[in-house]
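Here is how the chains run, residue by residue.
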Amino acid sequence: MKFYNSLTRQREEFIPQKGNDVYIYSCGPTVYNYAHIGNFRTYIFMDLLRRSLKWNGYKLHHVMNITDVGHLVSDGDEGEDKMAKTAREQAKTPWEIAEYYTKIFMRDIERLNIEKPEIIAHATDHIPEMIAFVSGLVERGYAYETSDGIYFDVLKFSEYGMLSGNKLEEQKAGARVEINDEKHHPADFAVWKKAPREHIMQWESPWGMGYPGWHIECSAMGLKYLGEYFDIHTGGVDHIPIHHENEIAQTCGLLGHPAAKYWLHGEFMLVDGGKMSKSLNNVYTLDQLNDLGYKPCDFRYFCLNAHYRQKLNFTFEGLNAAKKSLSNLKNALLNHKNKPVTEETTAVSEKYYAEFCEAVSDDLNIPRALGIVWNLVKYETKSQTIYDKIMEMDKILAVNLDVICEDVPEDTVDDDLSKIIEEKIKMRADAKKQKNYSEADNIRSELESIGIILTDTPAGTTWKKK
RNA sequence: GGCGCCAUAGCCAAGCGGUAAGGCAGAGGUCUGCAAAACCUUUAUCCCCCGGUCCGAUUCCGGGUGGCGCCUCCA
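Thresholds applied
- Residues numbered from 1 in each chain as written.
- Chains lettered and ligands numbered in written order.
- Predicted model: local features only at pLDDT ≥ 70, side-chain atom pairs only at ≥ 80, totals over all residues.
- Heavy atoms only, no water.
- Pairing = 2+ DSSP bridges.
- Helix = DSSP H or I, 4+ residues; strand = E, 2+ residues; numbered from the N terminus.
- Axes fitted to C-alpha atoms, helices over the stretch in contact; angles between N-to-C directions.
- Contact = heavy atoms within 4.5 Å.
- Salt bridge = Lys/Arg side-chain N within 4 Å of Asp/Glu carboxyl O.
- Phe/Tyr/Trp six-rings, centres within 6.5 Å; stacked < 30°, edge-to-face > 60°.
- Buried < 20%, exposed > 50% of the residue type's maximum accessible area, 1.4 Å probe, protein only.
- Lys NZ or Arg CZ within 6 Å of the ring centre and 35° of its normal.
- Polar contact = N/O pair within 3.5 Å; in protein donor to acceptor, adjacent residues only side chain to side chain.
- pLDDT = per-residue confidence, 0-100.
- Expected span 1.5 Å × (residues − 1).
- Arc of directions from axis to C-beta.

Undergrad: If you had to explain the sheet that holds strand 8 (residues 143–145) to someone new, which residues and values would you point to?
TA: If you walk across this open sheet you meet the 4 strands as 8-9-10-11, and the pairing is antiparallel. Edge positions in the sheet fall to strand 8 and strand 11 (210–212), since each has one partner strand and no second. Averaged over neighbouring strand pairs, the angle between their axes works out to 20° when direction is ignored. Two elements, strand 9 (residues 149–152) and strand 10 (residues 189–194), share 4 bridges in a ladder whose sense is antiparallel. Bridge pairing links Y151 to A190 in strand 10. The strands that helix 6 (residues 240–255) touches are strand 9 and strand 10; relative to strand 10, the one it contacts most, it runs at about 80°.

The following block contains the structure:
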C-alpha cells in the first residue's frame, strides 16, 4: 500500500513496524456540540483507511480520542474550556454535555457505516497519564511553570514547525494577542492549566488543582495504548499547524523522537465554495440532511466521489447528484442478481476486482475505485459473479449497496386527504379505461397542484407527496 | 507579510510522460395514451495563460493569472 505522508510530503510505501499489526491514532471529536458534515468527512476518511488496511490483511490497533476536557475556546491557552462553556450555557455539568454529544456522535458514525476504532479513549479517563507526561517534560527541561500553568518551551525543540513548514520567527507579528507575558515565546503552549477555584473540571497535580492542555491528551493516550513508536496518525488538515505540531513537539520532548511514522490528513469540506462557519449559516448536521431527505449513505457516497486530500465542495446540487448516482448504482447492481455465472463474467469481475484493489491501496484512491465499480456494473453480460464482487467492494465503500429500499419517513397526509386521493385515482382509472385521456391528465395535474404525484405501474397507480 | 493546497466539460471528479476514468445534469432513442421509472446511445480535437525540457506534457521545470485554506478555536 502507499500513503501520502504529510511529514515527508511524499507518497510512501507503507511498511508497518510490527509485522502484520498496524497501530493507529486518530484525533477524534471535542464533544461540546453536534458534529457537522465537515467533521464526518474526516471520519469517513479515517474509516476508509481502516477498511483498506483490513482489506490488505492487517490487524488493527486503533485509538481515537474523545476530547471532553481541556479544549479551550479561544486564543490557545486563554479563554474558557469549550466543555465548561457549553455546560454553563446549557445549565448542565460538563460530564452531562460530554455524555450527550458523545452519544450522538457515536450514533452518527454508526449511521455512516464508520467502524469504531478498537479503543475509544476519553481524555478525562487519562488524567494520570497526562500528568506523568507533563512531569516528564518538566524534568527534561522542555516545559516550565508560570503562574497559570505549565508551558511547553518551543524554542527548546529546534524542529518545531516540521510538519506545517511554519517558522516560528515568520509568524505574523502581533497576529496573536499576547496576554500572558510570562511565556518565553508566543508560540509556547499550555500542557497543564492551573484551575481557578470556580473551574468545574479540575484534578490534583504536582502543580495544584488543574486540568490538562488540549494537545497533551493525544500524546499521552497515544503513548499509553500504542507505545513509543506507532504507525499512523490521522486528523484533519487544520490540525497540522498547531495541534499536531504541538503533539510532535511534546512527544519529541519526552521520548526524543516522534511517535508516529506516517501522518495522514483529511482535507476540508467547503460549502458553496467557501469555509463552513456558523455565522454563514452553512454548517449542516447529519440530522438536518436527514430531514431534507438525504440518507447517511447518500452523504457517504458524496464523500467517496472526491479524494481525501482534495478539498470537497459541498452543495445540494452535488449531494443530489450523489443520491441519484447511488440509487442508480443499486439498480444497476440488481440486474446482476441471480444471473448465470460464466467463465467470461468470472474473468471480467476478477480483472476489475484487481483494479479496484490497486486503486484502494494507492493512497486510498476511492474516486478511481468507484469508477471501476461503475465500469463493472455496466458490463453487458449480467451475472451473479459480478454482483458478488461488487458486494465485496462495498466492504470498502460501505454504502449499503444491497439495501434497496431504505425506510422512508411516514407520510404525513391525513386519512381524509388520502381517501380523496384514492377516489381521484379511481376516477382517473375509469377515465383511462374509456380512453378519456384529457380527463385523466386533468386529474393528474389537479393532484399535482396540491403536491401529489401519481405514478402508473403495471400493478396500478400509486401516489406520493412531492 | 509567512505557510500550504488547488486550477480538467453545465456541475462533482480521476488521471503521476504516450495522446482525456466515472457520476450528475443535458440531448437522442426504446418502453408508456401521456407522465414517471428503467434501459440503450451520445456529450472535452483537449485539460487557466506564457515560456522551457523531451520524439512526445493535462501530466516534469520556471514564470504569470485566478481560487481556497491556515497563521485565533475548528475535521
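Text resumes after the structure shown.
Undergrad: Could you give an account of the pattern of salt bridges, naming the residues involved and the relevant values?
TA: Considering all chains together, one arrives at 23 salt bridges under this definition. The closest approach of N and O atoms between D362 and R11, which form a salt bridge, is 2.7 Å. Of this pair, D362 sits in the loop between helix 10 (343–361) and helix 11 (366–377) while R11 is found in strand 2 (residues 10–13), placing the two residues 351 residues apart along the sequence. Of the charged contacts, one joins D47 and R300 as a salt bridge, the two residues approaching to 2.8 Å between their closest N and O atoms. Of the two residues, D47 is situated in helix 1 (residues 37–55) and R300 in helix 8 (residues 296–304); the sequence distance between them amounts to 253 residues. Each of R11, E358, D362 and R368 takes part in salt bridges that share partners, so that together they form one network.

Undergrad: Tell me about the packing of aromatic side chains, residues and numbers included.
TA: Overall, the coordinates contain 22 aromatic pairs when judged by the stated rule. Between F40 and F105, the aromatic rings sit 5.9 Å apart at their centres with planes inclined by 15°, giving stacked as the arrangement. One end of the pair, F40, is in helix 1; the other, F105, is in helix 3 (residues 94–111), with 65 residues separating them in the sequence. On the basis of relative accessibility, which here comes to 0%, the residue F40 falls in the buried class. Ring centres of W55 and Y353 lie 5.6 Å apart, and the angle between their planes is 40°; this geometry places the pair in the tilted category. Pair noted here: W55 is in helix 1 and Y353 is in helix 10, with a separation of 298 residues, a long-range link. Three or more aromatic residues link up through ring pairs in this structure, and these residues are Y284, Y294, F299, F302, F314 and F316. K351 extends its terminal NZ or CZ atom over the ring of Y352, reaching a point 4.4 Å from the ring centre.

Undergrad: Describe in detail the environment of E118, supporting the description with residues and values.
TA: Structurally, E118 is set in the loop between helix 3 and strand 7 (119–122). With 55 residues separating them along the chain, E118 and V63 place their C-alpha atoms 6.3 Å apart. Apart from the residues lying within four places of it in its own chain, the contact partners of E118 are R50, L60, H61 and H62. Engagement of the side chain of E118 in a polar contact is seen with the side chain of R50, the distance being 3.0 Å.

Undergrad: Outline the confidence of the model for chain A, listing residues and values.
TA: Averaged over all residues, the pLDDT of chain A is 87; the fraction at 70 or higher stands at 92%. Every residue in residues 172–178 is under pLDDT 50, and counting partners more than four places away or in other chains gives 8 contacts. Low pLDDT (under 50) marks residues 406–411, which in the prediction has 4 contacts with non-local residues, meaning those over four places away or in another chain. Predicted as a complex, the structure gets a pTM of 0.89 and an ipTM equal to 0.91.

Undergrad: How would you summarise the sheet that holds strand 7 if you had to cite specific residues and measurements?
TA: Across the sheet, which stays open at both edges, the 5 strands sit in the order 7-4-3-12-13 with parallel pairing between neighbours. Two strands bound the open sheet, and with one partner strand each, they are strand 7 and strand 13 (260–266). Going across the sheet, the axis of each strand differs from the next one's by a mean of 20°, ignoring polarity. As paired strands, strand 3 (residues 21–26) and strand 4 (residues 59–66) are joined by 6 bridges and run parallel to one another.

Undergrad: How would you sum up helix 5 (residues 214–226)? Please name residues and give values.
TA: Spanning 13 residues, helix 5 covers 19 Å between terminal C-alpha atoms, matching the ideal 18 Å at 1.5 Å per step. In terms of burial, helix 5 is a largely internal element, 10 of the 13 residues being buried. Those residues of helix 5 not exposed but buried are W214, H215, I216, E217, C218, S219, A220, M221, G222 and L226.

Undergrad: Give me the lowdown on helix 11, citing residues and values where you can.
TA: Under the 1.5 Å per step criterion, the end-to-end length of helix 11 is 16 Å for 12 residues, consistent within 8% with the ideal 16 Å. Those residues of helix 11 that fall on the buried side of the exposure criterion are I366, A369, L370, I372, V373, L376 and V377. Axial view of helix 11: buried residues confined to an arc of 155°, hence all on one face. Buried residues along helix 11 sit against helix 1, helix 8, helix 9 (316–334), helix 10 and helix 12 (384–397). Of the residues flanking the start of helix 11, the one acting as N-cap is N365, its side-chain oxygen 3.1 Å from the backbone nitrogen of R368.

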